[in-house]
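So the chains spell out like this:
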Amino acid sequence: MKRSIVLGTGSYLPARRLTNDDLAKMVDTSDEWIVQRTGIHARHIAAEGEFTSDLAVAAARKALEAAGCKPTDIDLIILATATPDNTFPATAVTVQHKLGISGGFAFDVHAVCSGFVYALATADAYLRTGMARRALVIGAETFSRILDWEDRTTCVLFGDGAGAVVLETAEGEGTTSDRGVLTSHLRSDGAHRDKLYVDGGPSSTQTVGHLRMQGKEVFRHAVSMITDVVEAAFEATGTDAEALDWFVPHQANRRIIDASAKKLGIDPEKVVVTLEDHGNTSAASIPLALDQAVRDERIKRGDLIMLEAMGGGFTWGASLLRW
């Protein structure tokens with residue numbers, strides 16, 4: 001059986017760090033209020049003239065270096081983003097060009113905070129069917145560009161960043177001891193679209209718009225939806241929470257992460273949390289957290305890792321992989 005294995009990871013955060021105290025000078029909030037409700041202490045903000053593609057390229061270069069690959073070794077790029085450089089073309093082709101790649105194919109995936117899991121599952125499908133040989137999967141966002149900086153319920157939550165992985169096909173035995181992506185489970189339900197959305201777009205308002213969120217409603221649905229796809233991944237592979245080495249969730253809110261891990265029976269010591277300094281970077285949050293845990297040597301060869309996310313739409317998904 002063909003498996004999609006991770007050869008290397010990379011991430012990038014813009015230089016500007018915006019703390020809760022900085023935000024308190026902009027809107028009616030405080031460090032205590034933000035930390036108590038979210039667990040976030042700071043987030044990074046892209047510089048003027050620094051685009052989503054720039055963040056993506058920086059993360060991609062680090063992932064390629066870690067994988068021991070050249071850009072021209074890549075024949076598939078999938079970029080998960082809700083904040084593209086332009087309405088079109090896909091930001092993935094801009095990344096492709098900036099990396100000096102002229103072969104293969106590239107496209108964007110738009111599933112908001114679930115984007116990286118969607119992109120990983122999509123790349124896995126292309127690799128296992130032989131349509132591509134080596135893939136660059138990126139999550140990159142500049143959410144600071146779509147925030148209403150007078151809305152303290154949303155502007156305190158989000159930040160900018162990018163993360164990337166390089167995938168390559170390898171032969172496995174078809175068991176859970178194989179390296180690579182073992183299973184992925186994706187869901188969506190458009191009935192909840194008005195609970196987390198941007199109030200603009202080319203077809204509707206001809207504007208970019210701002211992010212709007214019904215925070216209590218998102219929290220109410222998040223834990224059950226996350227549990228749904230994680231348990232589906234366990235069932236598909238005959239594994240369980242005890243077998244996991246690491247749980248790398250979407251970094252949205254510390255209370256959602258803690259509640260999900262508790263409901264799933266996952267040891268808190270196995271949960272990778274980075275949102276304290278990153279905030280919610282949407283599609284970038286999982287690969288950012290993954291790269292950090294790889295580089296500080298928490299994640300090691302052979303570890304069993306669960307990735308999960310939930311985002312606007314609602315979309316949600318999980319992937320189980322062996323490092």
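Residues numbered from 1 in each chain as written. Predicted model: local features only at pLDDT ≥ 70, side-chain atom pairs only at ≥ 80, totals over all residues. Heavy atoms only, no water.

### Section: the overall build of the protein
Counted only if it meets this: Helix numbers and strand numbers start at the N terminus; a helix is a DSSP run of H or I with at least 4 residues, a strand a run of E with at least 2. In this treatment the radius of gyration is a C-alpha quantity, and the globule benchmark scales as 2.2 Å times the residue count to the 0.38 power. In what follows, a contact means two residues having at least one pair of non-hydrogen atoms within 4.5 Å. To measure how exposed things are, a 1.4 Å probe is used in the Shrake-Rupley method; for residues, cover is taken only from the protein chains shown.
What the protein contains, in helices and strands, is ten helices and 13 strands. Taken over C-alpha atoms, the radius of gyration comes to 18 Å for the protein, in line with the 20 Å a tight globule of 323 residues would show. Taken over the C-alpha atoms alone, the protein extends approximately 55 × 45 × 40 Å along its principal axes. Relative to all contacts within the protein whose residues are 6 or more apart in sequence, the contacts with residues 24 or more apart total 75%. Looking at the protein as shown, the accessible area adds up to about 13,300 Å², and 49% of this sits on carbon and sulfur atoms.

### Section: the sheet that holds strand β5 (residues 105-109)
Put simply, the rule is: Strands are labelled as partners when DSSP assigns at least two bridges between them. Axes here refer to lines fitted to C-alpha atoms; in helices the fit is confined to the stretch in contact. Angles between the N-to-C directions go from 0 to 180 degrees.
Read across the open sheet, the five strands follow the order β1-β7-β6-β4-β5; overall the sheet is mixed. Since the sheet does not close on itself, it has two edges, and those belong to β1 (2-12) and β5, each with one partner. Here the strands of the sheet are splayed against their neighbours by 20° on average, with no regard to which way each runs. Where strand β4 (residues 76-80) meets strand β6 (residues 134-142), five bridges bridge the pair, whose relative direction is parallel. Among the inter-strand pairings, Ile 78 is bridged to a residue of β6, identified as Val 137. Of the strands in this sheet, β1, β4, β6 and β7 (160-171) are in contact with helix α3 (residues 52-67), which crosses β1 at around 120°. Running at roughly 140° to β5, helix α4 (residues 91-98) makes contact with β4, β5 and β6 of the sheet.

### A closer look at α4
Test applied: Type-normalised accessible area, obtained with a 1.4 Å probe on protein chains alone, sets the label of each residue: buried when under 20%, exposed when over 50%, and partly exposed for intermediate values. What the arc covers is the set of directions going from the helix axis to the C-beta atoms.
If you check which residues of α4 are buried, you get Thr 91, Ala 92, Val 95 and Gln 96. Taken end-on, α4 shows its buried residues confined to a sector of 150°, consistent with a single buried face. Where α4 is buried, its residues contact α3, β4, β5 and β6. Positioned one or two residues after α4, Gly 100 has a phi angle of 80°, which is positive.

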